[in-house]
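Here is how the chains run, residue by residue.
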Amino acid sequence: MSAELDALTVVNQLRDLAADPLNRRAIVEDQGCLPGLILFLDHPNPQVVYSALLAVRYLAECRANREKMKGELGMMLSLQNVMQKSTSPGETKLLSSEIYEILQSAGKEEAEQAEAAAASCRRKAQFFLGSNNKRAKTVVLHIDGLDDSTRRSLCEEALLKIRGVISFTFQMAVKRCVVRIRSDLKAEALGTAINSTKVMTAQQVVKTEDGGELMLPFQEGSEVLVEENTDIPDYLPEDESPSQEPDKAVTRVGSITDGIGWLSTAANFLTRSFYW
C-alpha cells in the first residue's frame, strides 16, 4: 500500500471518527491526531486536504475544542494557505474559510457576541455555522430510507459527486442531512442525487414564518442536471475502502470505546510518517 493511500485511509477514518460527537474531545486532546490533521492540510492530494478539513470542521463544532484548535501550532496558518492556494478547489477554499472564521472568533471576551452565536446555533439546530458567507447556503434534507450506515455511505457518495457541495453532516436519528452548498447550486440537484440511489428519497425541510417546519418533496419530473465534481478525486473504491468491511469498521454510532481505541493506530501511522 502506498504512502499516499495510507494517508487517505487514515484521514478518512479520522473524519469518520470526528463525525461522532462522542469522539471530538478525545481526538483534540490526543497528542498526535490534531497535529497530524494540520499536516494533512498541506498534503499534495486534494482529497486528503478536503477530508482533513471536514474532520477539522467536525472537531470545531465542539465549542470546548475551539480555543485549543486555534492555538495548535500551524492550524490558522495552514487554513490560510489552503484559502490562498491557487490550486485549491472552490469548495475546499470555502470550507477552509468557514473553519478559519469559527476558530478566529474563539476566545473573544465579548459576551454579547458569544451569546448571540450560541443562540443562533441553538435556533438553527444545524451543524455548519458561517452562514454569513454569501457565497454559500445551507439546505436541510429529510431522507426517507436513511436507516443505517450502508445507506449513509450511499448518500455520501451521491452528494460528493455534486459540484458545489461544500460539506454535509448527518442526523441519523431523525433521518436528516444538513448540506452546505454554493449559493448558485439548486436544492433540486441534491434531491436528484439522493433519489438516484433508488433506495432513498429526499424532501427539503424549510422553516415557516411561525417557527415551525415544512417538508417540501421534490416534484417528480423536476430532476435537474447534476454537474459532477471533478476537482476532488473519488473516494476509495469499494474493494479498498475500510468502511465497506463490517469486521474492519472504524467505529459504530455511539461506540466511543472502539473509536478511541483506533486513535492509537492513527497516532502510530502519523508518528511513522512525520517522525514525531
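Coordinates for the structure precede this section.
Conventions we followed
Residues numbered from 1 in each chain as written. Predicted model: local features only at pLDDT ≥ 70, side-chain atom pairs only at ≥ 80, totals over all residues. Heavy atoms only, no water. Helix = DSSP H or I, 4+ residues; strand = E, 2+ residues; numbered from the N terminus. Buried < 20%, exposed > 50% of the residue type's maximum accessible area, 1.4 Å probe, protein only. Contact = heavy atoms within 4.5 Å. Areas by Shrake-Rupley, 256 points an atom, 1.4 Å probe, with all protein chains shown as cover. Expected span 1.5 Å × (residues − 1). Polar contact = N/O pair within 3.5 Å; in protein donor to acceptor, adjacent residues only side chain to side chain. Pairing = 2+ DSSP bridges. Axes fitted to C-alpha atoms, helices over the stretch in contact; angles between N-to-C directions. Parallel < 35°, antiparallel > 145°, perpendicular 65-115°, else oblique. Nonpolar A, V, L, I, M, F, W, Y, C, P; charged D, E, K, R; others polar. Left-handed = near helix turned anticlockwise from the far one by under 90°. Phe/Tyr/Trp six-rings, centres within 6.5 Å; stacked < 30°, edge-to-face > 60°. Arc of directions from axis to C-beta. Core = buried A, V, L, I, M, F, W, Y, C linked by side-chain atoms within 4.5 Å.

Participant: I tried to follow the overall build of the chain on my own but got confused; where do I start?
Facilitator: Assigned secondary structure in the chain consists of 11 helices and five strands. Looking at the chain as a whole, 47% of its 276 residues qualify as buried. If you take every contact in the chain between residues at least 6 apart in sequence, the share linking residues at least 24 apart comes to 72%. Surface exposure of the chain reaches about 14300 Å², of which carbon and sulfur atoms provide 51%.

Participant: Please clarify how helix 4 (residues 46-60) should be interpreted in this entry.
Facilitator: Think of an α-helix as 3.6 residues a turn; residues three or four steps apart then line up on the same face. Between its first and last C-alpha atoms helix 4 spans 21 Å; for 15 residues at 1.5 Å apiece the expected length is 21 Å, and the two agree. Of all 15 residues in helix 4, 14 are buried; the element is thus mostly enclosed. Of the residues that open helix 4, the one with a side-chain oxygen 2.9 Å from the backbone nitrogen of Q47 is N45.

Participant: I keep staring at the environment of M75 and nothing clicks. Help me out?
Facilitator: Position of M75 relative to the elements: it lies in helix 6 (residues 75-84). With relative accessibility at 0%, the residue M75 sits in the buried group. Along the backbone, M75 and L37 are 38 residues apart, and their C-alpha atoms lie at a distance of 9.0 Å. Leaving out residues up to four positions away in the same chain, M75 has contacts with L34, I38, V56, M69 and L103.

Participant: Whenever I open this one, the sheet that holds strand 2 (residues 165-171) confuses me. Can you help?
Facilitator: In a beta sheet, neighbouring strands pair by backbone hydrogen bonds and run either parallel or antiparallel. Across the sheet, which stays open at both edges, the five strands sit in the order 2-3-1-4-5 with antiparallel pairing between neighbours. In this open sheet, the two edge strands, each paired with only one partner strand, are strand 2 and strand 5 (213-217). The sheet shows a mean angle of 30 degrees between the axes of neighbouring strands, taken without regard to direction. Strand direction decides the pairing type here: strand 2 and strand 3 (residues 176-182), joined by six bridges, are antiparallel. Across the sheet, the residue bridging to S167 is R180, located in strand 3.

Participant: Sorry, what's going on with the packing of helix 5 (residues 63-71) against helix 7 (residues 90-104) here?
Facilitator: Two packed helices can be described by the angle between their axes and the distance between those axes. Two numbers describe how helix 5 lies on helix 7: the axes approach to 9 Å, and their chain directions differ by 105 degrees. Classified by the angle between their axes, helix 5 and helix 7 sit roughly perpendicular to one another. Only I102, L103 and Q104 of helix 7 make contact with helix 5, whose side of the interface consists of R66, M69 and K70. The residue makeup of the contact of helix 5 with helix 7, split by class, is three nonpolar, one polar and two charged.

Participant: Explanation requested: the packing of helix 4 against helix 7 in the structure shown.
Facilitator: As a packed pair, helix 4 and helix 7 sit with axes 10 Å apart at the nearest point and diverge in direction by 30 degrees. Classified by the angle between their axes, helix 4 and helix 7 sit roughly parallel to one another. Here helix 4 runs over helix 7; the crossing is left-handed. Every residue of helix 7 that contacts helix 4 at V49, Y50, L53, L54, V56, R57 and A60 is listed here: E91, T92, L95, S96, I99, I102 and L103. Of the residues assigned to the contact of helix 4 with helix 7, the class counts are 10 nonpolar, two polar and two charged.

Participant: Just checking my understanding: could you explain the packing of aromatic side chains for this structure?
Facilitator: Two numbers describe a pair of aromatic rings. These are the distance of the centres and the angle of the planes. As enumerated under the stated definition, the model contains one aromatic pair in all. Look at F168 and F170: their rings are 5.8 Å apart centre to centre, the planes differ by 75 degrees, and that puts the pair in the edge-to-face class. Across the pair, exposure class does not vary: F168 and F170 are buried alike.

Participant: In this structure, what is going on with helix 6? I would like to understand it.
Facilitator: Buried within helix 6 we find M75, M76, S78, L79 and V82. For helix 6, the angular spread of the buried residues around the axis is 165 degrees, confining them to a single face. Turned more than 90 degrees away from the buried face of helix 6, the exposed residues are L77 and Q84. Where helix 6 is buried, its residues touch helix 3 (33-40), helix 4, helix 5 and helix 7.

Participant: Help me understand the nonpolar core in this model?
Facilitator: In a soluble, globular protein the nonpolar side chains are often hidden away together inside. Counting residues in each nonpolar core, the largest one holds 40 residues, and the members touching the most others are L37, M69, M75 and L79. Of all the elements in the fold, those that place two or more residues in this core are helix 1 (3-18), helix 2 (24-29), helix 3, helix 4, helix 6 and helix 7. Broken down by element, the residue count for this core peaks at 11 residues, all from helix 4. Those residues in contact with L79 that sit more than four places away from it in its chain are L41, L53, S96, I99, Y100 and L103. Listed in part, the 23 residues of the second largest apolar core include L141, I143, F170 and F218.

Participant: Which parts of the structure should I look at to understand the pairing of strand 5?
Facilitator: The side chains of a regular strand alternate, first on one face of the sheet and then on the other. Taken together, the five bridges between strand 4 (residues 201-207) and strand 5 define a ladder with antiparallel strand orientation. Opposite Q203, over in strand 5, you have P217 as the bridge partner. Turn length for the strand 4-strand 5 hairpin, with the two strands adjacent in sequence and antiparallel, is five residues, and the turn residue G211 shows positive phi of about 90 degrees.

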